[in-house]
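Structure at a glance
In case you want the letters, here they are:
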Amino acid sequence: MSDLNQIPLQDEVLVLGGGVAGCAASIALARKGRHVTLIEREATSRHKVCGEFLSGEALEDLHALGIDVASRGAVPIDYVRLAAARRAAEAPLPFPAASLTRKSLDTALIAEAIAAGVRVELGRSVQALGRTASNVWQATLDDGTTYEAPTVFLATGKHDLRGHMRPKDPQRWVAFKMYFRLESAQAADLERASELMLYPGGYCGIQPVEGGIANLCCVVQRRHLARAGHRWENFLAKMQQDCPHLAMRLAGAEPLLAKPIAITHIPYGYIRRSTEDGLYSIGDQAAVIPSFTGDGISIALHTARCAVAAYLAAEPAPLFQAKLRSTLLGQMRLAEFAADGLNNSFARAVLPFCLRVWPGVMRVTARLTRVAQHAAVAPMQSPAEI
Ligand SMILES: Cc1cc2nc3c(=O)[nH]c(=O)nc-3n(C[C@H](O)[C@H](O)[C@H](O)COP(=O)(O)OP(=O)(O)OC[C@H]3O[C@@H](n4cnc5c(N)ncnc54)[C@H](O)[C@@H]3O)c2cc1C
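Residues numbered from 1 in each chain as written. Predicted model: local features only at pLDDT ≥ 70, side-chain atom pairs only at ≥ 80, totals over all residues. Heavy atoms only, no water.

This part is about helix H6 (residues 232–242). Those residues of H6 lying buried are Trp-232, Phe-235, Leu-236 and Met-239. Axial view of H6: buried residues confined to an arc of 100°, hence all on one face. Elements in contact with the buried residues of H6: strand E12 (173–181), strand E13 (193–199), strand E14 (202–209), strand E15 (213–221), helix H5 (222–226) and helix H7 (244–250). (Buried < 20%, exposed > 50% of the residue type's maximum accessible area, 1.4 Å probe, protein only. Helix = DSSP H or I, 4+ residues; strand = E, 2+ residues; numbered from the N terminus. Arc of directions from axis to C-beta. Contact = heavy atoms within 4.5 Å.)

Enumeration over the complete set of coordinates arrives at 22 salt bridges. Between Glu-315 and Lys-323 there is a salt bridge, with the nearest N and O atoms lying 2.8 Å from each other. Among the residues examined, Lys-323 registers a relative accessible area of 25% and is labelled partly exposed. Look at the salt bridges and you will find they share partners, linking Arg-81, Glu-90, Asp-189, Glu-195 and Arg-249 into a network. (Salt bridge = Lys/Arg side-chain N within 4 Å of Asp/Glu carboxyl O.)

With that out of the way, let us pick up the site of the ligand. Glu-40, Gly-51, Arg-102, Asp-284 and Ile-297 are the nearest of the 38 residues found near the ligand. Contacts to the ligand include Val-20, whose backbone N or O atom sits 3.2 Å from an oxygen atom. Take Gly-294: an N or O atom from its main chain is 3.2 Å from an oxygen atom of the ligand. Here the ligand loses 95% of its free accessible area of 1000 Å² to cover by the protein chains. Put simply, the parts of the chain that give the shell around the ligand at least two residues each are helix H1 (20–31), strand E3 (36–40), E15 and helix H8 (296–312). Considering each element in turn, the shell around the ligand owes the most residues, three residues, to H8. For the shell around the ligand, the per-class residue count stands at 16 nonpolar, 12 polar and 10 charged. (Near = heavy atom within 4 Å. Polar contact = N/O pair within 3.5 Å; in protein donor to acceptor, adjacent residues only side chain to side chain. Areas by Shrake-Rupley, 256 points an atom, 1.4 Å probe, with all protein chains shown as cover. Nonpolar A, V, L, I, M, F, W, Y, C, P; charged D, E, K, R; others polar.)

Next up on the list: the nonpolar core. Formed by 56 residues in total, the largest nonpolar core has its most connected members in Leu-54, Leu-105, Leu-109 and Phe-153. Of all the secondary structure elements, the ones that give two or more residues to this core are strand E2 (13–16), H1, E3, helix H2 (56–65), helix H3 (102–115), H8 and helix H9 (317–342). Once you skip the residues sitting within four places of it in the chain, Leu-54 turns out to touch Leu-59, Leu-62, Val-69, Ala-97, Ala-98, Leu-100, Leu-105 and Ile-297. If you look at the next biggest cluster of nonpolar residues, it comprises 25 residues, including Met-178, Leu-190, Val-220 and Met-239. (Core = buried A, V, L, I, M, F, W, Y, C linked by side-chain atoms within 4.5 Å.)

On to the sheet that holds strand E18 (residues 279–281), then. What links the strands of a sheet is backbone hydrogen bonding, and the strands pair in either a parallel or an antiparallel sense. Strands sit in the order E7-E3-E2-E11-E18 across an open sheet of five strands; the sheet is parallel. With one partner strand each, in any of the chains shown, strand E7 (119–122) and E18 form the two edges of the open sheet. With direction set aside, neighbouring strand axes in the sheet form an average angle of 15°. Where E3 lies against E7, four bridges are found, and the strand directions are parallel. Counterpart to Leu-38 in the pairing with E7 is Val-120. Where H8 meets the sheet, its contacts fall on E2, strand E11 (151–154) and E18, and the angle it forms with E11 comes to roughly 170°. (Pairing = 2+ DSSP bridges. Axes fitted to C-alpha atoms, helices over the stretch in contact; angles between N-to-C directions.)

You will see that Asn-135, though not glycine, has its phi angle at about 70°, which is positive. Mapping Asn-135 onto the fold places it in the loop between strand E8 (126–131) and strand E9 (137–141). A positive phi angle, close to 60°, is found at His-265, a residue other than glycine. Along the chain, His-265 turns up in the loop between strand E17 (261–264) and E18. A residue is classified by how much of its surface remains accessible, and His-265, at 24% relative accessible area, is partly exposed.

Here the focus is the packing of aromatic side chains. Under the definition given, this model contains 10 aromatic pairs. Geometrically, the ring pair formed by Phe-153 and Tyr-311 is edge-to-face, given 6.1 Å between the ring centres and 80° between the ring planes. Of this pair, Phe-153 sits in strand E11 while Tyr-311 sits in helix H8, and the two are 158 residues apart along the sequence. When sorted by exposure, Phe-153 lands in the same class as Tyr-311, which is buried. (Phe/Tyr/Trp six-rings, centres within 6.5 Å; stacked < 30°, edge-to-face > 60°.)

For H9, spanning 26 residues, the distance from its first C-alpha to its last is 36 Å, which sits close to the expected 38 Å at 1.5 Å a residue. Its maximal kink placed at Leu-329, H9 deviates by approximately 45°. Those residues of H9 that fall on the buried side of the exposure criterion are Ala-317, Phe-320, Gln-321, Leu-324, Arg-325, Leu-328, Gln-331, Met-332, Ala-335, Ala-339 and Leu-342. (Expected span 1.5 Å × (residues − 1). Bend = angle between axes of the 7 residues up to and from the residue.)

Considering every residue of the chain, the mean pLDDT works out to 89; 87% of them sit at 70 or more. In this model residues 1–5 is a low-confidence stretch, pLDDT under 50, and it forms seven contacts with partners more than four residues away in sequence or in other chains. This stretch, residues 373–386, has a pLDDT under 50; its non-local contacts, to residues over four places away or in other chains, come to 27 contacts. (pLDDT = per-residue confidence, 0-100.)

So, on to the layout of surface pockets. Its boundaries defined by the atoms lining it, the second largest pocket holds a volume of some 370 Å³. Looking at the second largest pocket, it is lined by 23 residues, and the ones nearest its centre are Pro-267, Tyr-268, Gly-269, Tyr-270 and Glu-336. Tallied by class, residues from the lining of the second largest pocket come to 11 nonpolar, four polar and eight charged. (1 Å grid on protein atoms, 1.4 Å probe; cavity = no way out; pocket = protein on both sides within 12 Å on 5 of 7 lines; lining within 4 Å. Points joined across faces, edges and corners; volume = space filled by probe spheres on them.)

And the structure:
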C-alpha cells in the first residue's frame, strides 16, 4: 500500500454504487453545486439481472436527469400479457412504458454523472464503511484507499456492505437473466408487449429490448430450483413444460449469452427501518419490491430524488429514512400480497381466466402496485428541492 493511499480524500458527499440510484443521486447533487465522488466497482457497465422494464414514472425521472432512452433504442411497451398453465390474457398498460438493457441505461447514467461534474471512480470496490474518530464517514476501498465525507449515499443495490446488511431472504430466491433472438413470428407476436408467466415456485418475464432481441428474466425459490438439479438447462425446460406459452415463445430461439446471469439473496418486501446521521440509503438498499411489478428502477430513482431533496433541505438521514418507509409501505405490502397470489397454485390456475373475464383487474393491479411517486415526494420537498 503506498503512502498516498493513507491520505483520506475528502468530499462533501460520497455515493457508493453507480447503478440507477447512485447515478441519479450524484447527478442531482452535482447539478446543485455539491462536490460528489461516486465509487462504482465495475470498470464498465455490464449486464445485470433485471427485466429491463421502465415504467412511466421511471421514464419521467430519467427524462428529468437528461437520459434520452428513445435515442438509445428503447422499445415502447404498450401492453402486458399474463400466462399460466394453458391460459393467457392481456391488457393495455395504463401508463407509457419502455424497455432498455441495463448495460445501455447504466452507461448513459455514468456518462451523465461525469458530464454533471461528479468525480466518478470506476472499477473501485468499497470494502467497508465506518466512522472516523471525528465522526466523519469513511469508506475503505479494496486497494486500501480511504475516502471521507460527512454525508454518504448508500446505493450498492443488491450487494450489502459489511455492517450495513439487509435481512436474510427467507424464501431464498434465485434470479436469472438470459437474452434470446426469437423466431420472427414469435418476435412479431411479442412486439410492444411485456409478458409475465407463472410456474410453481416463481415467475418469469419476457419482453423485447433494443437490437431486436428479447430479455427473459426469471425468479424461482431455491427449493424449486433444487428439483431441477440447480441446473439452468433443466430449469428452463421445466419452466417451458409448466408454461406452454413460454415454450411457444422460445421454440427455435437462439440464446445469446454463453450462460445466464444469476443472483441470489433478494429480500423482497424489505424497507429499511432506520439509519445513522449522514447516511442516506437509496435504491435496493432502501427498499426491494417484488420484481413482477417492474417498478424497482422507478423506486431507485424515486428514493434517490427524495434523499437528495432531504439532504439539500438539511433533513436528518434518520428522519428521511423513516418518512420514506412510511411512504413506500402501502404499495410494498400490496405488491407482496399480489406476489403471494402469483405463487399460489389455485390462483395460478384461475388468474388468466379471471383476467380474460375482467381484464380491468390487470390495469388496476398495475396501478396499485406502483409507488405513488408524486404524492410520495411532496412531504419531503423543501424550497431547496431538486
Ligand atoms: C429478477 C429481477 C428482475 C427485475 N426486473 C425489473 C424490471 O423489469 N424493471 C424494474 O424497474 N426493476 C426491475 N428489477 C429491480 C431493479 O433491477 C433494481 O431495483 C434496481 O436496479 C435498483 O437500483 P440500485 O441503484 O439500487 O442498484 P443497482 O442498479 O444494482 O446498482 C448498484 C451498483 O452498486 C455497485 N456496487 C455494488 N457493491 C459495490 C461496492 N462494494 N463498491 C462499489 N460499487 C458497488 C454495483 O456494481 C452496481 O452498479 C428487477 C430485479 C430483479 C431481481
